[in-house]
Amino acid sequence: MNPDIPLQLLGGISARVFLRDYWQKKPLLIRQALPDFQSPIDADELAGLALEEEVESRLIIENGERPWEMRRGPFAEDEFSKLPERDWTLLVQAVDQFVPEVAELLENFRFLPSWRIDDVMISFAAPGGSVGPHFDNYDVFLLQGHGKRNWKIGQMCDSESPLLEHADLRILKDFQATEEWTLEPGDMLYLPPRLAHCGVAVDDCLTYSVGFRAPSAAEVLTHFTDFLSQFLPDEERYSDANAQPVSDPHQIQHDALDRLKSLLAEHMSDERLLLTWFGQFMTEPRYPEMVVGPELEEDELFSSLEQGAVLIRNPSARLAWSEVDEDLLLFASGQSRLLPGNLRDLLKLICAADALHTENLGPWLADEQGRNLLCELVKQGSLGFADE
Ligand code: SIN
Ligand code: CO
């Protein structure tokens with residue numbers, strides 16, 4: 001994808017300009033980002049998903065049993081018929097994992113790393129429905145799918161911003177609206193992290209949120225050090241060979257701190273381990289229980305492919321790849337694999353994995369390591385047969 005081509009999705013600016021001027025910085029309203037957009041899912045289908053055990057969903061009822069009542073799914077069918085006429089919202093997470101046409105929307109966002117994308121959440125709101133003024137710690141593209149929604153944006157917030165006292169929701173105590181727009185189907189609003197916003201349904205409306213993931217500094221440190229510690233032997237410890245005699249035995253001298261700093265620096269700067277951890281962490285599936293594969297012999301897989309079977313990425317799996325010196329790392333749903341550099345094109349093909357079949361796999365079907373890799377990915381559940 002040429003990053004300098006103006007994109008309708010971004011209101012006629014290029015991906016490069018969007019990333020330079022807006023991404024993580026300021027909001028952008030895009031009228032008809034997806035012209036004539038027709039939601040591939042309707043309110044009833046969304047409610048149907050919210051009945052399912054494996055789907056994460058929430059109902060927010062502004063004047064429910066208490067103000068801003070939140071209920072978590074899965075819901076029983078009759079719960080929807082008992083809802084008030086207005087002022088409620090149903091939110092369903094990761095619809096892209098359950099509805100292929102919704103996953104296809106993500107193709108429009110290929111100018112961003114796929115491992116930064118979290119999910120497509122879809123909300124249905126009755127007139128007046130809103131989740132209240134709030135901020136998120138993530139970037140989001142809010143695409144209007146059906147009906148109209150009024151969006152107001154406000155101030156930049158942080159963890160000190162005062163919130164209303166609701167156990168379940170993080171609603172801002174003061175919301176200082178600065179701009180507002182009414183979005184129609186196909187219109188989209190990009191919001192950077194921490195910008196206060198509030199969307200209120202004008203009529204029955206569906207809103208798609210393309211959400212992103214960015215680990216917090218606390219997560220990076222705890223998870224990376226946990227990962228590192230598996231490789232550190234117990235005998236590797238704080239050490240002070242060649243220490244100087246102390247003048248006060250109760251004082252912690254700065255040379256102790258220097259020793260600690262070099263112990264930390266030595267491990268923290270291990271780029272190979274940092275990359276391995278990061279790739280594994282960023283490809284961890286939201287629903288690991290949905291990434292399971294069959295027991296399978298290599299021969300079975302390849303005779304199926306030869307008979308016309310097609311492999312696709314499991315919609316719940318995440319894939320990414322990277323380079324380490326001459327080698328490559330493939331990350332698949334929280335696991336990593338070191339592979340020789342000659343598999344680069346296969347890795348790229350697998351990560352794009354719209355469809356893998358004898359035609360595009362071509363010579364890889366005769367490559368021992370390539371075959372082995374494909375088979376392992378099917379057994380792990382990251383790839384699966386298209387008709388399953
Ligand atoms: C919604 O779709 O109602 C809420 C989306 C958001 O504000 O993050
Ligand atoms: Co939000």
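Just so it is clear, the structure is predicted and the values come from calculations on it, not from any experiment.

Rules behind the numbers
Residues numbered from 1 in each chain as written. Chains lettered and ligands numbered in written order. Predicted model: local features only at pLDDT ≥ 70, side-chain atom pairs only at ≥ 80, totals over all residues. Heavy atoms only, no water. Helix = DSSP H or I, 4+ residues; strand = E, 2+ residues; numbered from the N terminus. Buried < 20%, exposed > 50% of the residue type's maximum accessible area, 1.4 Å probe, protein only. Contact = heavy atoms within 4.5 Å. Areas by Shrake-Rupley, 256 points an atom, 1.4 Å probe, with all protein chains shown as cover. Lys, Arg positive; Asp, Glu negative; His and termini not counted. Charge placed at Lys NZ, Arg CZ, Asp CG, Glu CD. Domains from an automatic or database assignment. Buried area = accessible area lost by both parts, 1.4 Å probe. Salt bridge = Lys/Arg side-chain N within 4 Å of Asp/Glu carboxyl O. Phe/Tyr/Trp six-rings, centres within 6.5 Å; stacked < 30°, edge-to-face > 60°. Lys NZ or Arg CZ within 6 Å of the ring centre and 35° of its normal. Pairing = 2+ DSSP bridges. Axes fitted to C-alpha atoms, helices over the stretch in contact; angles between N-to-C directions. Near = heavy atom within 4 Å. Polar contact = N/O pair within 3.5 Å; in protein donor to acceptor, adjacent residues only side chain to side chain. Nonpolar A, V, L, I, M, F, W, Y, C, P; charged D, E, K, R; others polar. Core = buried A, V, L, I, M, F, W, Y, C linked by side-chain atoms within 4.5 Å.

This part takes up the overall build of the protein chain. Regarding its fold elements, the protein chain presents 11 helices and 18 strands. A total of 388 residues make up the protein chain; the buried ones form 44% of that total. Of the contacts formed within the protein chain by residues at least 6 apart in sequence, a portion of 77% connects residues at least 24 apart. For the protein chain, the exposed area adds up to about 20400 Å²; of that, 49% sits on carbon and sulfur atoms. Between the mean site of the 32 positive side-chain charges and the mean site of the 69 negative ones, the protein chain shows a separation of 7 Å.

Let us look at the domain arrangement of the protein chain. Splitting the protein chain by domain gives domain 1 (6-212) and domain 2 (288-385). Contacts between the two partners involve nine residues from domain 1, matched on the other side by seven residues from domain 2. Surface buried jointly by domain 1 and domain 2 totals about 530 Å² across both partners, of which 43% is contributed by carbon and sulfur atoms. On inspection of domain 1 and its partner domain 2, the count reaches one salt bridge. Residue Asp-118 pairs with Arg-318 through a salt bridge whose shortest N-O separation is 3.6 Å.

Evaluated as defined, the whole model comprises 20 aromatic pairs. Look at Phe-18 and Tyr-22: their rings are 6.2 Å apart centre to centre, the planes differ by 15 degrees, and that puts the pair in the stacked class. By the burial criterion, Phe-18 is buried, and Tyr-22 matches it. One aromatic cluster in this structure is built from Phe-18, Tyr-22, Trp-23, Phe-109, Phe-111, Phe-141, Tyr-190 and Phe-212. For the cation-ring pair, Arg-170 lies above Phe-135, with the distance from its terminal atom to the ring centre recorded as 4.7 Å. A cation over a ring is seen here: Arg-371 above Phe-302, with NZ or CZ 4.0 Å from the ring centre.

Before going further, it helps to spend a moment on the sheet that holds strand E15 (residues 319-324). Reading across from one edge, E15-E16-E17 is the order of the three strands in this open sheet, with antiparallel pairing throughout. A single partner strand is all that each edge strand has here, and the edge strands are E15 and strand E17 (335-339). Neighbouring strand axes in the sheet, compared pairwise and without regard to direction, differ in orientation by 20 degrees on average. Across five bridges, the pairing between strand E16 (residues 327-332) and E17 is antiparallel. Residue Leu-328 lies in a different strand from E17, and its bridge partner there is Leu-339.

Right, let's talk about the site of ligand 1 for a bit. Contacts to ligand 1 come from Leu-91, Met-121, Ser-123, Val-131, His-134, Asp-136, Leu-142, Arg-149, Trp-151, His-197 and Ser-209. Take Ser-123: an N or O atom from its side chain is 2.7 Å from an oxygen atom of ligand 1. For ligand 1, an oxygen atom lies 3.1 Å from a polar atom in the side chain of His-134. Contact with the protein chains removes 94% of the 260 Å² of surface that ligand 1 exposes when unbound. Broken down by class, the residue content of the shell around ligand 1 amounts to five nonpolar, four polar and two charged.

Here is a general trend for soluble globular proteins: nonpolar side chains tend to be buried in one another's company. Among the nonpolar cores identified, the biggest contains 47 residues, and Leu-90, Phe-111 and Phe-141 are the most heavily contacted of them. The next biggest cluster of nonpolar side chains, apart from the first, holds 28 residues, and it includes Phe-302, Leu-305, Ala-309 and Leu-319.

Before going further, it helps to examine the pairing of E16. In terms of burial, E16 is largely enclosed, as five of its six residues are buried. Inspection of the sheet shows E15 paired to E16 by six bridges, in the antiparallel sense. Across the sheet, residue Ser-322 finds its bridge partner in E16, namely Leu-329. Hairpin connection between E15 and E16: a loop of two residues separates the two successive antiparallel strands, and Asp-325 in this loop has a positive phi of roughly 50 degrees. Here E16 folds back onto E17, and the loop between the two strands holds two residues, one of which, Ser-333, carries a positive phi near 50 degrees.

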